[in-house]
Number of protein chains: 4
Amino acid sequence: MAELDDLTADYAKAGFSGALPFGRRPAVLVVDVVRAYLDPASPLHAPVDDAVAAAAALVAAARGAAVPVLFTRVLYQPGGADGGLFYRKVPALACFDEGSPFGGFPADPAPRPGEVIITKQYASAFCGTSLAATLAAGGTDTVLICGLTTSGCVRASAVDALQYGFAPFVVADACGDRDPRPHQANLFDLQAKYAEVITLDDALHRIAAV
Amino acid sequence: MAELDDLTADYAKAGFSGALPFGRRPAVLVVDVVRAYLDPASPLHAPVDDAVAAAAALVAAARGAAVPVLFTRVLYQPGGADGGLFYRKVPALACFDEGSPFGGFPADPAPRPGEVIITKQYASAFCGTSLAATLAAGGTDTVLICGLTTSGCVRASAVDALQYGFAPFVVADACGDRDPRPHQANLFDLQAKYAEVITLDDALHRIAAV
Amino acid sequence: MAELDDLTADYAKAGFSGALPFGRRPAVLVVDVVRAYLDPASPLHAPVDDAVAAAAALVAAARGAAVPVLFTRVLYQPGGADGGLFYRKVPALACFDEGSPFGGFPADPAPRPGEVIITKQYASAFCGTSLAATLAAGGTDTVLICGLTTSGCVRASAVDALQYGFAPFVVADACGDRDPRPHQANLFDLQAKYAEVITLDDALHRIAAV
Amino acid sequence: MAELDDLTADYAKAGFSGALPFGRRPAVLVVDVVRAYLDPASPLHAPVDDAVAAAAALVAAARGAAVPVLFTRVLYQPGGADGGLFYRKVPALACFDEGSPFGGFPADPAPRPGEVIITKQYASAFCGTSLAATLAAGGTDTVLICGLTTSGCVRASAVDALQYGFAPFVVADACGDRDPRPHQANLFDLQAKYAEVITLDDALHRIAAV
């Protein structure tokens, strides 16, 4: 976020922006890369093609290095009986009613047999799901996070990753949003307080070194 | 966020920005209004005097209307043994080590006997605390949120309020931050996806009508 | 638990066994009433026909009084990638792999359109699910709990109901188990520390009075 | 539980009682070993001296092997404003009001500087606390559990350890209760479905081998 450059120094001086360790047992978490954001007919359609391509590259590298890959999606019972206040706040979430084509995964990245799919009703991949238990039981210490959207489910998931004890590494160019401003503003907050924001290149190097 | 005015229409058209109901059993949640942000000697000192004064007015009105008030604070064992990755990411959190003067409440607002104090180690007031249980057991349906800082613990707490089933109403002028840009950017995200962002005047009217 | 009669007085004297209030917004939670326990071909088959019939009566009464009914079931990805340590501890849980006939609901009780189905991977209906958020968002204050099995998912769900702020009323004769001893031992613990254990008759009267 | 010997075979045949792995990064969790259970003047006083001595031996061995030790205690604001329904269900919990002598640790085992103390309001050490985050951030995979009481906070904590992804090993002779019947009944359930129930000798051997 160019217009926040001056803040970076201010934050660093105040004692934000420490560095999280990249652990020895990373996993890749692909947040909500689903058709609702890719299909021009969807109300949630957003300019995220580049981010999705980067997410696919991240997933391919992880598979090649035997790094686990986990996917999230959103799913509601028709009408949102299990959607609580989030379904009421964001009417567009009806896109994710059971049976809607918008809830499905695209061709790439898409989960393969044996890869975990987390079905969620809220923004955070950890909230109301067994993701934290799956990560802890699997010995995961670090989560490379990509997906959609930066200011929504990606940020909520990255903040919770930290709060649940898993070091979040957010792959900036593999995250997308409706508009560059919330994208950048949220990456700024994440780097300052909750996560390491890295490039796809950096992520690929780290995966290759596992 | 003036520079995001164009986004508001875009988001509304996409199906964000629905309205949450203001319930019949509200509570006020005062997030981290502690000396660390108010004392010029603290690394976390920020220009939040106006926000704190507004929070004090909100608390006074709530007490007058018998609306419960709950306070959060941050506390770590010396050295951060219970601080996990958050304590490592944000070195300034050492301000909240047990025994530090920065962790205390200011003169106003400050908890009175019988008011709940939530002691937390992470950003969200709900994460790793019994807040959700206290709210549910008390029949609370709506949380008026104020405090510090907007881009940090306020946002994390508001997102979680929604995710735990309590309608968050964020009182904009009773929230403060280091800089107006993250403050505004986060209020924009909150209003779009997670909460109702309201003014102090609006909050006072709602409390008077309980 | 006849052999624990002497303990009841001891516990009461020690300050256990207080009474929880039956609220004004109850819901019925039907825990894991699925074919795995009813089909003689299943490794988990148990003598629970009477309990299931009582659960069906409870559900019918709730529907007649417009009291919400929520159902839980267990579901794993084939091989248990999302089952963590529970799937490893209890090999019989493979009954609940996606596609297994044992995971389905019987004819009665069975969810109707619009009734919430909680899909879980662990014992507690609250653990790794959005149940607490759904109950809080719906204003529920009390949960009438029935289902299978008393010493497993029923107890875990009842303890968590209390821990999340919803008063658990466990309907004893609508809960079943493999053997009467763990059934009784767990009802004893629940009544002593976590819940009100009531009869089906009592539950039906309470529902009729809502 | 001698009278449940026949059930052990029945459960094993049904597919319960699988074995959890003892990991490479264990920690010891000492649940609620506080004066309320040890002081004859306390309503919660119970015959747990042998269990507490065994817990002290377990803690000493862990420290000798550099295995982390974490302690839990219960604490409420005076009157229980933060105690929710649990405080209402169990009036004896007023023993743990802030300022009560019953909430303190005995001479041995007692936390040393740098050892984590989890302050909780509910039965499970994981519920409403940051314990899971601390364990995950520390890379813990296995939790050796001891303390008070078996049918209450020990069981609730062991079930949650499994549900959060940390293998629970319950040290039977380092757990105590008011009466041997609930003690045995709960150890039976734990071994069948949630944990490995082991002896102190076994635990000491495992710690020595870390």
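Please read these numbers as outputs of a predicted model, since none were measured by experiment.

This brings us to helix 2 (residues 49-64) of chain A. All names here are of chain A. Over its 16 residues, helix 2 runs 23 Å from end to end, which matches the ideal 22 Å to within 8%, given 1.5 Å per residue. When helix 2 is considered as a whole, its buried residues turn out to be A51, V52, A54, A55, L58, V59, A61 and A62. Here the buried face of helix 2 lies against strand 1 (26-31), strand 2 (69-74), strand 4 (142-148), strand 5 (167-176) and helix 7 (200-208). Looking at the residues trailing helix 2, positive phi occurs at A66, about 60°.

Another aspect to go through is the sheet that holds strand 3 (residues 116-120) of chain C. Residues and elements named next belong to chain C. Pairing is parallel across the open sheet formed by six strands, whose spatial order is 3-2-1-4-5-6. In the strand order of this sheet, the two ends are held by strand 3 and strand 6 (196-198), each with one partner. Adjacent strand axes in the sheet meet at a mean angle of 25° when their direction is disregarded. Against the sheet, helix 7 (residues 200-208) contacts strand 4 (142-148), strand 5 (167-176) and strand 6, and its axis sits at roughly 135° relative to strand 5.

Between chain A and chain B, which share one sequence, the superposing operator has a rotation angle of 180° and an axial displacement of 0.0 Å; the RMSD is 0.0 Å. The superposition of one copy onto the other is thereby described by a two-fold rotation axis. Among all C-alpha atoms of chain A, that of A:A185 lies closest to the rotation axis, at 3.3 Å. Comparing contact sets, 100% of the residues at the interface of chain A also lie at the interface in chain B, consistent with an isologous, same-surface contact.

Let us now look at the relation of the copies chain B and chain D. At an RMSD of 0.0 Å, chain B and chain D line up after a rotation of 180° and a shift of 0.0 Å along the axis. Interface residue correspondence from chain B to chain D reaches 100%, placing this contact among same-surface, isologous pairings.

Before going further, it helps to examine the interface of chain B and chain D. Many structure descriptions define interface size as the accessible area lost when the parts assemble. Contacts between chain B and chain D engage 17 residues on the former and 17 residues on the latter. Looking at the side of chain B that touches chain D, the elements with two or more residues in it are helix 3 (84-89), strand 3 (116-120) and helix 4 (131-137) of chain B. For the side of chain B that touches chain D, the element with the most residues is helix 4 of chain B, which contributes three residues. Here the residues of the side of chain B that touches chain D sort into seven nonpolar, nine polar and one charged.

Further remarks concern the pairing of strand 2 of chain A. Residues and elements named next belong to chain A. In terms of burial, strand 2 is a largely internal element, six of the six residues being buried. Residues V69, F71 and R73 line one face of strand 2 and the alternating positions L70, T72 and V74 line the opposite face, and both faces are buried. Examined bridge by bridge, strand 1 and strand 2 share three bridges and lie parallel to one another. Each bridged residue has a counterpart across the sheet, and for L29 the counterpart in strand 2 is L70. Sheet topology note: the strand 2/strand 3 (residues 116-120) ladder contains five bridges and is parallel. Opposite R73, over in strand 3, you have T119 as the bridge partner.

Bringing the packing of helix 5 (residues 150-164) of chain A against helix 6 (residues 180-193) of chain A into the picture now. For any two helices packed against each other, the geometry comes down to the angle between their axes and how far apart the axes lie. All names here are of chain A. At their nearest, the axes of helix 5 and helix 6 sit 10 Å apart, and the two run at 15° to each other. Comparing their axes, helix 6 and helix 5 come out roughly parallel. Helix 6 is crossed by helix 5, and the crossing has right-handed handedness. Residues T150, S151, R155 and A158 of helix 5 pack against P182, H183, N186, L187 and L190 of helix 6.

The next thing to look at is the environment of B:Y37. Relative to the helices and strands, B:Y37 is located in the loop between strand 1 (26-31) and helix 2 (49-64). Excluding its chain neighbours within four sequence positions, the residues that come into contact with B:Y37 are B:L44, B:H45, B:A46, B:V48 and B:L148.

All names here are of chain D. Put simply, helix 2 (residues 49-64) and helix 7 (residues 200-208) touch, their axes get as near as 10 Å, and they point 10° apart. The angle between helix 2 and helix 7 falls in the class roughly parallel. Here A54, A57, L58, A61 and A62 of helix 2 come into contact with helix 7, specifically with L200, A203, L204 and I207. The class makeup of the residues in the contact of helix 2 with helix 7 is nine nonpolar, no polar and no charged.

Model confidence for chain A is summarised by a mean pLDDT of 96, while 99% of its residues fall at 70 or above. For this predicted complex, the interface confidence reaches an ipTM of 0.96, while the overall pTM sits at 0.97.

It is worth spelling out the interface of chain A and chain B at this point. Tallying the contact residues gives 38 residues for chain A and 38 residues for chain B. The set of elements that each furnish at least two residues to the side of chain A that touches chain B consists of helix 1 (5-14), helix 3 (84-89), helix 5 and helix 6 of chain A. Tallied by class, the residues present in the side of chain A that touches chain B amount to 22 nonpolar, eight polar and eight charged.

Residue and element names in this part refer to chain C. Considering the arrangement of structural elements, one finds T149 in the loop between strand 4 and helix 5 (150-164). Sequence separation between T149 and V33 is 116 residues, and the spatial gap between their C-alpha atoms is 8.7 Å. Among residues more than four places away in sequence, those in contact with T149 are A46, V154, G176, D177 and R178.

Turning our eyes to something else, we now look at the environment of A:C127. Structurally, A:C127 is set in the loop between strand 3 and helix 4 (131-137). When the C-alpha positions of A:C127 and A:A9 are compared, they lie 33 Å apart, and in sequence the two are 118 residues distant. Ignoring sequence-local partners within four residues, the contact set of A:C127 consists of A:Y122, A:D160 and B:Q163.

Residue and element names in this part refer to chain B. With parallel pairing, the six strands of this open sheet are ordered in space as 3-2-1-4-5-6. Both edges of this open sheet fall to strand 3 and strand 6 (196-198), since each of them pairs with a single strand only. Averaged over all adjacent pairs, the angle separating strand axes in this sheet is 25°, with direction ignored. The sheet strands contacting helix 5 (residues 150-164) are strand 1, strand 4 (142-148) and strand 5 (167-176), and the helix crosses strand 4 at an angle near 170°.

Residue and element names in this part refer to chain A. The residue after D108, namely P109, is reached through a cis peptide bond having omega 5°. Cis geometry marks the peptide bond from L148 to T149, where omega comes out at -15°. Unlike most non-glycine residues, D32 shows phi in positive territory, near 55°. Within the secondary structure, D32 is located in the loop between strand 1 and helix 2. By C-beta crowding, D32 is classed as buried, having 25 other C-beta atoms within 10 Å.

Parameters and conventions
- Residues numbered from 1 in each chain as written.
- Chains lettered and ligands numbered in written order.
- Predicted model: local features only at pLDDT ≥ 70, side-chain atom pairs only at ≥ 80, totals over all residues.
- Helix = DSSP H or I, 4+ residues; strand = E, 2+ residues; numbered from the N terminus.
- Expected span 1.5 Å × (residues − 1).
- Buried ≥ 20, exposed ≤ 12 C-beta atoms within 10 Å, placed from the backbone.
- Contact = placed C-beta atoms within 7 Å.
- Pairing = 2+ DSSP bridges.
- Axes fitted to C-alpha atoms, helices over the stretch in contact; angles between N-to-C directions.
- Least-squares fit on C-alpha atoms with pLDDT ≥ 70 in both.
- Nonpolar A, V, L, I, M, F, W, Y, C, P; charged D, E, K, R; others polar.
- Parallel < 35°, antiparallel > 145°, perpendicular 65-115°, else oblique.
- Left-handed = near helix turned anticlockwise from the far one by under 90°.
- pLDDT = per-residue confidence, 0-100.

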